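Results of the structural survey
Below are the chains, spelled out letter by letter.
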Amino acid sequence: MVFMRYRDINFDGLVGPTHNYAGLSLGNVASVSHKGNQSNPRAAALQGLIKAKALADLGIPQAIFPPQERPSIASLRNWGIQGKTDAAVLANAASYHPTLLAAAYSASAMWTANACTMTPSNDSEDGRAHFTPANLCSKLHRSIEAEFTTRTLKAVFADEERFKVHEPLAGGDAMADEGAANHTRFSTSKGDKGLHLFVYGRSALDPSLPQPHVFPARQTLESFQSIARRHGIPPNQTVFLQQSPDAIDAGVFHNDVISVGHQNLFLYHEAAFLNSDQAIHDLEKAYKQLTGEALRLIRISHEQISLSDTVSSYLFNSQLLDTKDGDMMLVVPSECREKPSVSALLDGFIDDHQNPVTEILTFDLRESMRNGGGPACLRNRITLNSNESRHLKGRVLLDETLFNDLQVWIQKHYRESLAPEDLADPKLLQESRSALDELSQIMHLPGLYEF
Ligand code: SUG
């Protein structure tokens, strides 16, 4: 048998032209606290793109998912907002309820960690790479992403011999699924079978599990069990752990706000899981049984970093990536360097020669961070072998020319400020459509948008 090398391609979400702060995500402290602030869509898109390009320049495979059509007039019409023209629909939505209008305008698809959960072909029964677009049904503004995400995945991973793009899970609240933000795949090397850690906030079928009291738990156990079944992942390659309800109540609305893993390394806060010691023990055991090796753990205690600093710095929403020398680097948001305790901890990683993290890269992602989206939220790791990566459709891989084209495109089409009252402006609809129309040509994805 030929050894196939698998690599993660980070698919970052290109921030759309309507990026704004509408306070739509209860349980996400940053989103709620920045409600009504003025956003800068141009800066947001450039900040994300610059991060992606910097990583591409370091030899890390990097691709882009396009933004979704916003405002979503189809959603507003679906919710019974009428009008002879699209502009009239917007005006009616604005007078009906500003939050409904904001939901139709949200650029939240930028956080592609929530786009889907994927399983590489060497972990699936049928030898294809599997994708389940997240239904995101916990939040109104995010639930409207699933349809277009499915369309995008089907366009990019169109080769059915190699890829299987499923439909989002049906079943509403019981099957609430937030995608890869709650999923981590561990493996010893780039060709081995992986261990899939699925983290859920609640169970739809077992109400006896402890629940958060302040904020909602988004992901269900049953949604991840369904995904593992439909993707054909053997049971010995799966571990299901419950998020700590206390962490959710402190603002940890996704598990990627409190842990990050890559290959054989897991960086996590001791408050991440319910019955933390037992949970980690189960994870270590499953990894050892699958690979014969020990999982490397970096456990951060409350004394080192409080839960509140975890949430405000987004330390764990970092990207763990391979360095050229076979070590690991951590890509963190600049907020981590503004918190002395977090910054000192990061410096300690570098000084500690036992610690595999040998480099820290810091990026300004403030526009996204103010809505609760750090470096890890902005990317979805798609693990493919070299044969599969040659069969992607569209111009999605980020190289120098695509980067330049996208930069010019952003400069041409994006506003530098957007306030809540601007969402009622029908000119924004036209601007957004002409931007996306041009983008579908730049990215060689004709017919992606329906307008
Ligand atoms: O779902 N924020 C997103 C942030 C998603 C972060 N993703 C990961 N952790 N992987 C959310 O809460 C805010 C939109 C607003 O309020 O305008 C928002 O949707």
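Before reading on, note that the structure itself is shown above.
Overview of the structure. Just so we're clear, the structure is a prediction, and the values are computed from it rather than from any experiment.

In terms of helices and strands, the chain carries 17 helices and 15 strands. Whereas a compact globule of 451 residues would reach a radius of gyration of roughly 22 Å, the chain reaches 21 Å, a difference of no more than 12%. Projecting the C-alpha coordinates of the chain onto the three principal axes gives extents of approximately 65 × 50 × 45 Å. In the chain, which comprises 451 residues, the proportion classed as buried is 60%. Within the chain, counting contacts between residues at least 6 apart in sequence, those at least 24 apart form 75% of the total. Only carbon and sulfur atoms are counted for the fraction: they give 50% of the accessible area of the chain, which is about 17,400 Å². Across the chain, the centroid of the 41 positively charged side chains sits 4 Å from that of the 53 negatively charged ones.

The subject of this paragraph is empty space enclosed by the protein. According to the stated counting rule, one finds seven cavities of 30 Å³ or more in the structure shown. Lining the largest cavity we find 37 residues, and of these Asp 8, Arg 185, His 262, Arg 381 and Thr 383 sit closest to its centre. Broken down by secondary-structure element, the contributors of at least two residues to the lining of the largest cavity are strand S1 (6-13), strand S6 (183-186), strand S9 (259-262), strand S12 (319-322) and strand S15 (379-385). A per-class count over the lining of the largest cavity returns 13 nonpolar, 15 polar and nine charged. Looking at the second largest cavity, its volume works out to about 200 Å³. Taken together, 22 residues form the lining of the second largest cavity, with Ser 25, Ser 108, Trp 111, His 141 and Asn 371 sitting closest to its centre. Among the residues forming the lining of the second largest cavity, the class breakdown is seven nonpolar, 13 polar and two charged.

Next up on the list: the site of the ligand. In the region of the ligand, 21 residues are neighbours, and Leu 24, Ser 25, Ser 31, His 141 and Asp 256 sit closest. One of the side-chain N or O atoms of Ser 31 is found 2.8 Å from an oxygen atom in the ligand. Asn 371 is positioned with one of its backbone polar atoms (N or O) 3.0 Å from a nitrogen atom of the ligand. Coverage of the ligand by the protein amounts to 100% of the 490 Å² it exposes when considered alone. Per-class residue counts for the shell around the ligand are seven nonpolar, 11 polar and three charged.

This paragraph deals with the layout of surface pockets. Put simply, the largest pocket is a space of about 430 Å³. Lining the largest pocket are 19 residues, and of these Ser 72, Ala 74, Ser 75, Ile 144 and Glu 147 sit closest to its centre. Among the secondary structure elements, those contributing two or more residues to the lining of the largest pocket are helix H3 (73-78) and helix H7 (146-156). Here the lining of the largest pocket takes five residues from H3, the largest share from any one element. When the residues that make up the lining of the largest pocket are grouped by side-chain class, the tally is six nonpolar, five polar and eight charged. If you add up the space inside the second largest pocket, you get close to 320 Å³. Taken together, 19 residues make up the lining of the second largest pocket; nearest its centre are Lys 190, Asp 322, Thr 323, Gly 326 and Asp 327.

Moving on to the pattern of salt bridges. Taken as a whole and judged by the stated rule, the model has 25 salt bridges. When the shortest N-O distance is used, the salt bridge between Asp 57 and Lys 53 registers 3.0 Å. Placement of both Asp 57 and Lys 53 in helix H2 (residues 41-57) is noted, with a separation of four residues, approximately one turn of the helix. Classification of Asp 57 as exposed rests on a relative accessible area of 51%. Using a relative accessible area of 7% as the deciding quantity, one classes Lys 53 as buried. A salt bridge links Arg 77 to Asp 86, with the shortest nitrogen-to-oxygen separation between them at 3.2 Å. Under the relative-accessibility criterion, Arg 77 is labelled partly exposed at 37%. Overlapping salt bridges, with partners in common, bring together Glu 69, Arg 77, Asp 86 and Arg 433 in one network.

Burial within helix H8 (residues 221-231) is extensive, with eight of its 11 residues counted as buried. Among all positions in H8, only Leu 221, Glu 222, Ser 223, Phe 224, Ser 226, Ile 227, Ala 228 and His 231 are buried. Buried residues belonging to H8 abut strand S3 (116-119), strand S4 (129-133), S6, strand S7 (195-200) and strand S8 (238-242).

This next bit is on the packing of helix H4 (residues 86-96) against helix H5 (residues 98-105). Close contact between H4 and H5 brings their axes to 5 Å; oriented N to C, the two are set at 135°. Between H4 and H5, the crossing angle belongs to the class labelled oblique. Each of Leu 90, Ala 93, Ala 94 and Tyr 96 in H4 lies in contact with H5, whose residues at this interface are Pro 98, Leu 100, Leu 101 and Tyr 105. Residue classes in the contact of H4 with H5 are distributed as eight nonpolar, no polar and no charged.

Further remarks concern the packing of aromatic side chains. Evaluated as defined, the whole model comprises 13 aromatic pairs. Ring centres of Phe 266 and Phe 273 lie 6.2 Å apart, and the angle between their planes is 35°; this geometry places the pair in the tilted category. Pair check on accessibility: Phe 266 and Phe 273 agree, each one buried. On the numbers, 5.2 Å between centres and 70° between planes, the contact of Trp 409 with Tyr 414 is edge-to-face. Neither residue differs from the other here; Trp 409 and Tyr 414 are each classed as buried. These aromatic residues form a ring-pair network of at least three members: Phe 11, Phe 65, Phe 131, Phe 157 and Phe 163. The positively charged end of Lys 53 is found above the aromatic ring belonging to Phe 403, 5.0 Å away from the centroid.

What counts, and where the lines are drawn
Residues numbered from 1 in each chain as written. Predicted model: local features only at pLDDT ≥ 70, side-chain atom pairs only at ≥ 80, totals over all residues. Heavy atoms only, no water. Helix = DSSP H or I, 4+ residues; strand = E, 2+ residues; numbered from the N terminus. Rg over C-alpha atoms; globule rule 2.2 N^0.38 Å. Buried < 20%, exposed > 50% of the residue type's maximum accessible area, 1.4 Å probe, protein only. Contact = heavy atoms within 4.5 Å. Areas by Shrake-Rupley, 256 points an atom, 1.4 Å probe, with all protein chains shown as cover. Lys, Arg positive; Asp, Glu negative; His and termini not counted. Charge placed at Lys NZ, Arg CZ, Asp CG, Glu CD. 1 Å grid on protein atoms, 1.4 Å probe; cavity = no way out; pocket = protein on both sides within 12 Å on 5 of 7 lines; lining within 4 Å. Points joined across faces, edges and corners; volume = space filled by probe spheres on them. Nonpolar A, V, L, I, M, F, W, Y, C, P; charged D, E, K, R; others polar. Near = heavy atom within 4 Å. Polar contact = N/O pair within 3.5 Å; in protein donor to acceptor, adjacent residues only side chain to side chain. Salt bridge = Lys/Arg side-chain N within 4 Å of Asp/Glu carboxyl O. Axes fitted to C-alpha atoms, helices over the stretch in contact; angles between N-to-C directions. Parallel < 35°, antiparallel > 145°, perpendicular 65-115°, else oblique. Phe/Tyr/Trp six-rings, centres within 6.5 Å; stacked < 30°, edge-to-face > 60°. Lys NZ or Arg CZ within 6 Å of the ring centre and 35° of its normal.

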